[in-house]
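Architecture at a glance
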Amino acid sequence: NDAYISRIHLKFEHEQGRWVLKDTSKNGTILYKNGTPYQLDSTSRTQNPDRRALDDRDVISPVAENYGLDLQFRTN
């Protein structure tokens, strides 16, 4: 498997009072909102938007579900 974390894999942006996760990677990002996975992919914007609003305790998995790195977004 040649999937890897990109040098700048994702960005957090503050837009209109909300935090937004923007995928800038070559291999995608999985965002879990209330346990539901959403695939963010900067190369396929029609079916998988490359940005999504974040809520407290959302879980971010760069590359894939089983890559071994999970980040939890916290607002406080």
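One can find the structure itself at the top, above this paragraph.
Here's a quick rundown of the structure. Since the model is a prediction, treat every value here as computed from it, not as a measurement.

**A short note on the pairing of strand β3 (residues 29-33)**
β3 sits mainly inside the fold: five of its five residues count as buried. Sheet topology places β3 next to strand β4 (residues 36-40); five bridges connect them, and they run antiparallel. Within the sheet, the bridge partner assigned to Thr29 lies in β4 and is Leu40. Turn length for the β3-β4 hairpin, with the two strands adjacent in sequence and antiparallel, is two residues, and the turn residue Asn34 shows positive phi of about 55 degrees.

**Things to note about the packing of aromatic side chains**
One pass over the full model with this rule turns up one aromatic pair. An angle of 20 degrees between the planes, with centres 6.1 Å apart, marks the rings of Phe12 and Phe73 as stacked. Pair noted here: Phe12 is in strand β1 (residues 10-15) and Phe73 is in the segment after β7 (71-72), with a separation of 61 residues, a long-range link. Phe12 gets classed as partly exposed once you look at its relative accessible area, which sits at 40%. Sitting over the ring of Tyr38, Arg52 keeps its end group 4.2 Å from the ring centre.

**Description of the side chain of Ser6**
On the secondary structure map, Ser6 appears in the segment before β1. Only 3.0 Å separates the side chain of Ser6 from the backbone nitrogen of Lys26, close enough to count as a polar contact. If sequence neighbours within four positions are ignored, Ser6 has contacts with Ser25, Lys26 and Asn27.

**Re unusual backbone geometry**
The phi torsion at Gln16 lies on the positive side, around 50 degrees, for a residue other than glycine. When you line up the elements, Gln16 lands in the loop between β1 and β2 (18-23).

**Focus on the pattern of salt bridges**
Inspection of the entire model under this criterion finds seven salt bridges. Across the salt bridge formed by Lys33 and Asp55, the nearest N and O atoms sit 3.0 Å from each other. One end of the pair, Lys33, is in strand β3; the other, Asp55, is in the loop between β5 (51-53) and β6 (59-62), with 22 residues separating them in the sequence. We note a salt bridge from Asp56 to Arg74, for which the minimum N-O separation is 3.5 Å. Here the residue Asp56 occupies a position in the loop between β5 and β6, and Arg74 occupies one in the segment after β7, the gap between them amounting to 18 residues.

Rules used throughout
Residues numbered from 1 in each chain as written. Predicted model: local features only at pLDDT ≥ 70, side-chain atom pairs only at ≥ 80, totals over all residues. Heavy atoms only, no water. Buried < 20%, exposed > 50% of the residue type's maximum accessible area, 1.4 Å probe, protein only. Helix = DSSP H or I, 4+ residues; strand = E, 2+ residues; numbered from the N terminus. Pairing = 2+ DSSP bridges. Phe/Tyr/Trp six-rings, centres within 6.5 Å; stacked < 30°, edge-to-face > 60°. Lys NZ or Arg CZ within 6 Å of the ring centre and 35° of its normal. Polar contact = N/O pair within 3.5 Å; in protein donor to acceptor, adjacent residues only side chain to side chain. Contact = heavy atoms within 4.5 Å. Salt bridge = Lys/Arg side-chain N within 4 Å of Asp/Glu carboxyl O.

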